[in-house]
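In case you want the letters, here they are:
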Amino acid sequence: MDIAVLRDRQRTLAAEVIHQDDFDVMPPRLIGGADVGFEQGGEVTRAALVILEYPSLRLIEHQVARIATTMPYIPGFLSFRETPALQAAWQQLTHRPDLLLVDGHGIAHPRRLGVASHFGLLVDVPTIGVAKKRLCGAFTPPDAEPGSCQPLMDKGQQLGWVLRSKARCNPLFISTGHRVSQATALQWVENCLQGYRLPEPTRWADAVASRRRAFTSLPQG
């Protein structure tokens, strides 16, 4: 795996990311959530995509794709490892989202191309990165109360937001993925919160991928 080639590819793709709002439908009627994990010691990549109606945030579709992992884990280049399975799950969808929240970073990445930006470019859909951990940048910790947020900064550029989505929980790292502004990214994550740490789209994607009780207790079919 040629790291220099991957790095150049990241920079090329990052230059194509649209940092302004460019929605086909506003407010979105359907909001998607995406989550990627690995099984069998990393040999299998699992991608889950869910579709929720807005504003009810009712789950109407879910798809899971499992494919052979196409490249090893290389820090900073995870999106190249994750996007093939996301594309496979995307092809299975009956409904296509007007907005997609991705469990991972958008432009809050050393070369401004996390999985939310990378996949947003591939499918040309507005995307938002919703990550659980910081990858790069500096911030002042948000206050303890839910809704408190602070900018995530790197080299004088705002990469996103650090949002306290739930009391006594670590904050989330919200960033533009593609075709969404920073302010709108924060707004739509907040719109999708329902008392949990994660917004409903990525919470459901995680539940579907992991077959958590919240998902398995729903009537199937």
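Scroll up a little and you will see the structure.
Residues numbered from 1 in each chain as written. Predicted model: local features only at pLDDT ≥ 70, side-chain atom pairs only at ≥ 80, totals over all residues. Heavy atoms only, no water.

Trainee: Please explain the pattern of salt bridges as it appears in this structure.
Mentor: Should their charged atoms come close, side chains of opposite charge can pair. Inspection of every chain in the model, using the stated rule, returns nine salt bridges. Note that arginine 179 and aspartate 24 form a salt bridge whose closest N and O atoms lie 3.3 Å from each other. In this pair, arginine 179 sits in the loop between strand E8 (172–178) and helix H4 (182–191) while aspartate 24 sits in the loop between helix H1 (3–14) and strand E1 (30–39), placing the two residues 155 residues apart along the sequence. Residue arginine 179 is classed as buried on the basis of its relative accessible area of 3%. Aspartate 124 is the salt-bridge partner of arginine 179, the closest N and O atoms lying 3.2 Å from each other. One end of the pair, arginine 179, is in the loop between E8 and H4; the other, aspartate 124, is in the loop between helix H3 (115–123) and strand E5 (127–131), and 55 residues separate them in sequence. Residue aspartate 124 is classed as partly exposed on the basis of its relative accessible area, which comes to 47%. (Salt bridge = Lys/Arg side-chain N within 4 Å of Asp/Glu carboxyl O. Helix = DSSP H or I, 4+ residues; strand = E, 2+ residues; numbered from the N terminus. Buried < 20%, exposed > 50% of the residue type's maximum accessible area, 1.4 Å probe, protein only.)

Trainee: Any chance you could explain the packing of aromatic side chains here in plain terms?
Mentor: Per the stated rule, a full pass over the model turns up three aromatic pairs. Ring geometry for tyrosine 54 against tryptophan 188: centres 4.9 Å apart, planes inclined by 70°, an arrangement best described as edge-to-face. In this pair, tyrosine 54 is assigned in the loop between strand E2 (44–53) and strand E3 (59–68) and tryptophan 188 in helix H4, connecting sequence segments 134 residues apart. Judged by relative accessible area, which is 24%, tyrosine 54 ranks as partly exposed. Both rings, one in tryptophan 90 and one in phenylalanine 119, keep their centres 5.7 Å apart while their planes meet at 85°; by these two values the pair is edge-to-face. Of this pair, tryptophan 90 sits in helix H2 (residues 78–92) while phenylalanine 119 sits in helix H3; the two residues are 29 residues apart in sequence, bridging distant segments of the chain. Across the pair, exposure class does not vary: tryptophan 90 and phenylalanine 119 are buried alike. One residue, arginine 81, lies across the ring of phenylalanine 38, its end atom 4.2 Å from the ring centre. (Phe/Tyr/Trp six-rings, centres within 6.5 Å; stacked < 30°, edge-to-face > 60°. Lys NZ or Arg CZ within 6 Å of the ring centre and 35° of its normal.)

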